[in-house]
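Geometric and topological summary
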Amino acid sequence: QFQKAWVKGPCPNVDHIYEISSKNIEKKWKVYRDALQTSGHPTTVEQHYHGTTITCDLISSKSFCKQNDCGICGISRNGFQQSRIGSNISFKRFGHGFYLAPNSSKCHDYTRGTHTHRAMLLCDVLPGKKHVVQTDQTHLVAPPQGYDSVYGQTGGILNYPEIVIYDETSILPRYVIVYQKDGVGKIA
C-alpha cells in the first residue's frame, strides 16, 4: 500500500512496519464516529499518511520513546494533539490543523529521520463532510460551518491532494512505517 501510494520519484525500501494499538485513542475515535453519525454526516473511514519526525532508534528499541521531539512516538502513544500542531512547520496552507495525504510520497516531504531511516504514520481518518478547496485558506482554525474537514483538491495551487483535520479525535494512528530514504533530511 505504501509503495502504491508513492507517486513521485523512486519508492524507498520499507524496513519495518509497527502496528499501533491504543484502546484510549480508539475509544475517543469511536465516540467521534458516533457523533458524526448522529449529526447525519458521513462516517466513511479513509486511510491517509502523516509525515513527522522520528528522533529515536525505534528499530533497535522496538518500543515508543518518550522524547518530546519524536513525533512518531508521541503520536503513537498519545494520538494527535492540538498543542503539537505546527511544531515543525510554520506555513499552514489550510490553517491550524492536522495535515494528512493519500500519497506516501507527499508525506515524505514532511518527515525528518535519524541515521538512514525516516518514518511516517498510516492513519484511519473520519473526514466527515469535506469542504473541498483549491486555494490557500491559511486563516482557518476549524472547517467552515457545516463541515468536518478541509480537502485540498489537486489543481489550482496543489499538485497532490491533502486533507486537514481539525479535531484530533477523528484520526486513529494505525501503523508506523519505517523506511530508508536520504538519511536525515529536512522537513519541507
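This text goes with the structure placed above it.
Let me sum up the structure you'll find in this document. Fair warning: this is a prediction, and the values are worked out from it, not measured in the lab.

Concerning the overall build of the chain
Across its full length, the chain holds four helices and eight strands. The C-alpha atoms of the chain give 16 Å as radius of gyration, which agrees with the globular expectation for 188 residues (16 Å, within 12%). Here the C-alpha coordinates of the chain stretch approximately 45 × 40 × 30 Å along the principal axes. Buried residues in the chain amount to 48% of all 188 residues. Restricting to contacts in the chain with at least 6 residues of sequence separation, those with at least 24 account for 73%. With an accessible surface of roughly 9,400 Å², the chain has 47% of that area assigned to carbon and sulfur atoms. Side-chain charges of the chain comprise 21 positive and 15 negative groups, with the mean position of each set lying 2 Å from the other.

A closer look at helix α1 (residues 23–39)
In a regular helix each residue adds 1.5 Å, so 17 residues correspond to 24 Å; α1 covers 24 Å between its end C-alpha atoms and thus fits that length. Of the residues making up α1, those classed as buried are Ile25, Trp29, Tyr32 and Leu36. An end-on view of α1 places all buried positions within 60 degrees of arc, on one side of the element. Turned more than 90 degrees off the buried face of α1, the exposed positions are Lys23, Lys27, Val31, Gln37 and Thr38.

Overview of the packing of aromatic side chains
On inspection of all chains with the given rule, the structure shows five aromatic pairs. For the ring pair Phe2 and Tyr49, a centre distance of 6.2 Å and an interplane angle of 70 degrees mean the geometry is edge-to-face. You can see Phe2 sitting in the segment before β1 (14–19) and its partner Tyr49 sitting in strand β2 (residues 46–51), a full 47 residues away along the chain. The pair formed by Phe2 and Tyr49 is uniform in burial state, with each residue classed as buried. For the ring pair Phe80 and Phe98, a centre distance of 5.4 Å and an interplane angle of 75 degrees mean the geometry is edge-to-face. Of the two residues, Phe80 sits in the loop between α3 (71–78) and β3 (98–100) while Phe98 sits in strand β3, which places them 18 residues apart along the sequence. With respect to class, Phe80 is no different from Phe98; both count as buried. Members of the aromatic cluster, connected to one another through ring pairs, are Phe2, Trp6, Tyr49 and Tyr179.

Quick notes on the sheet that holds strand β6 (residues 149–152)
Taken together, the four strands give an open sheet; going across it, the order is β3-β7-β6-β5, and neighbouring strands pair in mixed fashion. Only two strands of the sheet have a single neighbouring strand rather than two, namely β3 and β5 (130–133). Here the strands of the sheet are splayed against their neighbours by 25 degrees on average, with no regard to which way each runs. Bridge analysis of β6 against strand β7 (residues 162–165) gives four bridges, and the strand direction is antiparallel. Each residue of the ladder has a partner; that of Gly152, found in β7, is Glu162.

Points about the pairing of strand β4 (residues 117–125)
The element β4 is extensively covered by neighbouring structure, given that nine of its nine residues are classed as buried. Burial of the side chains of β4 extends over both faces: His117, Ala119, Leu121, Cys123 and Val125 are buried on one face and Arg118, Met120, Leu122 and Asp124 on the other. Relative to strand β8 (residues 171–180), β4 runs antiparallel, the two being bridged by nine bridges. What sits directly across from Asp124, in β8, is Leu172.

A closer look at the pattern of salt bridges
Taken as a whole and assessed by the stated rule, the structure comprises eight salt bridges. Note that Arg93 and Asp136 form a salt bridge whose closest N and O atoms lie 2.7 Å from each other. Of this pair, Arg93 sits in the loop between α3 and β3 while Asp136 is found in the loop between β5 and β6, placing the two residues 43 residues apart along the sequence.

What counts and what doesn't
Per chain, the residues get numbers from 1 upward, laid out in the order the sequence is written. Only residues with pLDDT of 70 or above have their local features reported here, since the model is predicted, and side-chain atom pairs are shown and tallied only from 80 upward, although totals for entire chains, interfaces and linings are computed over all residues. Side-chain figures throughout are based on the complete set of non-hydrogen atoms in the structure, without hydrogens or water. Helix and strand assignments follow DSSP, with helices taken as H or I runs no shorter than four residues and strands as E runs no shorter than two, numbered in order from the N terminus. Each radius of gyration reported is based on C-alpha atoms, and the globular scaling rule is 2.2 Å times the count of residues to the power 0.38. Only protein chains enter the accessibility calculation, which uses a 1.4 Å probe; a residue whose area is less than 20% of its type maximum is buried, one above 50% is exposed, and one in between is partly exposed. A contact between two residues is defined here by any heavy atoms of the two lying within 4.5 Å. Computed with the Shrake-Rupley method and a 1.4 Å probe, the accessible areas treat only the protein chains shown as cover for residues. By the counting scheme adopted, Arg and Lys are positive, Glu and Asp are negative, and His together with the chain ends is not counted. By convention, charge coordinates are those of NZ in Lys, CZ in Arg, CG in Asp, or CD in Glu. Helices are assigned an expected span. That span is 1.5 Å times one less than the residue count. In this description, the arc belongs to the directions extending from the helix axis to the C-beta atoms. Ring pairs shown here join Phe, Tyr and Trp side chains whose ring centres sit within 6.5 Å, with only the six-membered ring taken for Trp; geometry is labelled stacked below 30 degrees between planes, edge-to-face above 60, and tilted in between. A pair of strands is considered paired only if DSSP assigns at least 2 bridges between the two. In this description, a line fitted to the C-alpha atoms serves as the axis of each element, helices being fitted only across the stretch in contact, and the angle between N-to-C directions of two axes falls anywhere from 0 to 180 degrees. The term salt bridge refers to a side-chain nitrogen of Lys or Arg lying within 4 Å of a carboxyl oxygen of Asp or Glu.

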